[in-house]
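One-letter residues, chain by chain:
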Amino acid sequence: MKYLIIGNGAAGIAASEKIRKLDGAGEITILSSESYPVYSKCLLPDFLSGQISEDRMFIRDKDFYEKKNIGINYNHNVINVDFKLKLVTTSIADSFNESGTTFTYDKLLIATGSSQILPPIQGLDVSKVHFLSTLDEAKRIIEASKDARRVIIIGAGFVGLEAAFNLYKKGKEVTIIERFPRILMNQLDEKAAQVIQNSLEEEGIRLILGASVSEVSTSVYSNLVKLFTGKDTKSVVLEDGRRFKADMIIVSTGSRPNLDYVKNSGLNINRGIVVDNHMQTSMPDVYAAGDVVETIDAVTEKMSLSPIWPNAVIQGEIAGNNMAGNSQEFSSLISMQNASEFREIPMISMGITSPAGSDYEEYVDFRPAEMIYRKLVIKDDVVVGMIFLGDIKNAGVIGSLMKSKINVGKIKHNMLNSNFGYSEVSILS
Amino acid sequence: MKRIYVIKEKCNGCMSCVVACQKAHADSEFYAPIRDSEPTRIYLQVVENSPVPLVCRHCEDPACVKACMTGAMQKDEKTGIVSNEFNPQKCVGCWMCVMACPFGVISPKQDGDRKIAVKCDMCVKRGSPACVDSCPKGAIVYMEDEEFSEYKRQLSLETNDLRQDGDF
């Protein structure tokens, strides 16, 4: 059996390990558009600040591919997939050989992840901004930041805030511009966002909220200035007319699945690739997992993308299982779940954090002096959302109740108490 | 594999296991200096007025391992022990495992100038689990799976005998 995996990230690696476990003799080949063994994209902000060296980015041992007998092909960009002929065509990055290479497969996994989007802003093109999606990009940011003093980050989601915080640690003057009125709009409610915002502002990071960027411009002399000073200064203009100078701009306004190479292939794609509950796509013998797929969210019961590490691994394992002939069904996961830490404040949020409507009950534990804010959102005695800030104990217990839609009517008044724990949950069923 | 099992009916809530766990992992003879700096990896909870010790089950298919984004959290293929401490990949304190663990048995720990997640490691360095060794009631045992099911069967027989004798 010939297994071909496009993508060398969380989902691709999880699938390859599962397949190897079940099929010792099968031929497994991974195609990567980058030139590194599997590394953690979640660690890029720490790499940026220098807190983590390059060798600590890699999530598997050095001899992983050899030991598991997995073929790895670096620098291969997939340009076409022919589902009828079961043929994948690649072009090799940084090579003069334009003809590319072809790979055949019996079972194919599409796990090419996602990338940051370039928002439609006048004067903004890829040559003027940086993204934080890959290790090479992070290296370019480090290189460019050497001569930069003022850094502007467009977008106050997780990626933007982590980049901001880590560049700030390196001594940069950081300004974050966000079009929503608060940071982490999709992950936190107003109160929790305020706690994090205060902490960032106290530190000296400038936040400009509720403001849209209308233009990014460079002066006519910018090339000359760059030549003599190394500085590549640009102006960021807001819709209300305010202007901010920046030596470096990082864009983090959201991500999109990397699917250009299959856009017109007949594969059923909505916002992401549509898969059945075996992670199989609309094409025979073709599976997909990770940031590229749409799955049913356990909380909202709607189809959604879920570009987070743990879900990519779980989906990859299920895809791998089914590809190797071991039928396993996907049970829905919580699409929105995040764990992080900003300025010593640990934080976990899941599901619906700012509910709209009167069907929801909220339980809150707010201790501002201790920087603790915990909230549960409950609907019909089922937990549908949570924010744990400052104290993250038992977050996974709550998450598991959410995912399994367990009726918590009997214990809901006690779930934010300090003595609450799994033992109390175990008597529910 | 050999696991830590809890017989909650035998527990009297004395906290010896918690103290022993903290001392073992801080490598300290005394409790007072490490009480607040070394988190426990076994938890004593109270349900319906009865104490229940709770500790990692070293799951067959661990959610924490899948969630770990540095690769530090691994299940050892030989011993079955799930830990983020003895591997080349290191924990960075991202809390993905805390978010994923349905039992709530992973805790943050201040480790120098950074934070890491800590959990039961079966006291691999020590040789045998400190919680088991310290329990004065025999409520926490360290046994092979089959050994424990046989032990539990014996226990329930004894309990039934006691009930019939009217002493229970």
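Up top you'll find the structure we're talking about.
Structural notes, computed from the coordinates. (Residues numbered from 1 in each chain as written. Chains lettered and ligands numbered in written order. Predicted model: local features only at pLDDT ≥ 70, side-chain atom pairs only at ≥ 80, totals over all residues. Heavy atoms only, no water.)

## Observations concerning the overall build of chain A
Then, in step 1: Within chain A one finds 10 helices and 25 strands.
Then, in step 2: In terms of overall dimensions, chain A is globule-like: its C-alpha atoms have a radius of gyration of 23 Å, near the 22 Å expected for 429 residues.
Then, in step 3: Projected onto its principal axes, the C-alpha positions of chain A cover 70 × 60 × 40 Å.
Then, in step 4: Looking at chain A as a whole, 53% of its 429 residues qualify as buried. (Helix = DSSP H or I, 4+ residues; strand = E, 2+ residues; numbered from the N terminus. Rg over C-alpha atoms; globule rule 2.2 N^0.38 Å. Buried < 20%, exposed > 50% of the residue type's maximum accessible area, 1.4 Å probe, protein only.)

## Things to note about the environment of T29 of chain A
Residue and element names in this part refer to chain A.
Then, in step 1: Structurally, the position occupied by T29 is in strand β2 (residues 27-31).
Then, in step 2: Take T29: its relative accessible area is 13%, and that puts it in the buried class.
Then, in step 3: Here the alpha-carbon distance between T29 and I72, two residues 43 residues apart in the chain, equals 5.9 Å.

## So, the interface of chain A and chain B
Then, in step 1: Facing the 38 residues of chain A at the interface are 33 residues of chain B.
Then, in step 2: Buried surface at the junction of chain A and chain B, summed over both partners, amounts to about 2700 Å²; 59% is from carbon and sulfur atoms.
Then, in step 3: For chain A, the biggest contributors to the area lost against chain B are R56, Y422 and S423 of chain A; these three give 20% of the whole.
Then, in step 4: The partner of E341 of chain A in a salt bridge is K115 of chain B, and the shortest N-O contact between them spans 3.2 Å.
Then, in step 5: Where chain A meets chain B, there are 12 residue pairs in polar contact (both at pLDDT 80 or more). (Contact = heavy atoms within 4.5 Å. Buried area = accessible area lost by both parts, 1.4 Å probe. Salt bridge = Lys/Arg side-chain N within 4 Å of Asp/Glu carboxyl O. Polar contact = N/O pair within 3.5 Å; in protein donor to acceptor, adjacent residues only side chain to side chain.)

## Quick notes on the environment of I79 of chain A
All names here are of chain A.
Then, in step 1: Structurally, I79 is set in strand β4 (residues 76-82).
Then, in step 2: The exposure class of I79 is partly exposed, given its relative accessible area of 46%.
Then, in step 3: Sequence separation between I79 and S91 is 12 residues, and the spatial gap between their C-alpha atoms is 6.6 Å.
Then, in step 4: If sequence neighbours within four positions are ignored, I79 has contacts with T89, T90, S91 and Y261.

## Observations concerning the sheet that holds strand β6 (residues 101-104) of chain A
Residue and element names in this part refer to chain A.
Then, in step 1: Taken together, 3 strands build an open sheet; the order of strands is β4-β5-β6 and the sheet is antiparallel. Of all strands in the sheet, those with a lone pairing partner are β4 and β6, marking the two edges. Going from strand to strand, the sheet's axes swing by 30 degrees on average, the running direction of each strand aside.
Then, in step 2: Two strands pair when backbone bridges link them, and strand β5 (residues 87-92) and β6 are joined in this way by 4 bridges, in the antiparallel orientation. (Pairing = 2+ DSSP bridges. Axes fitted to C-alpha atoms, helices over the stretch in contact; angles between N-to-C directions.)

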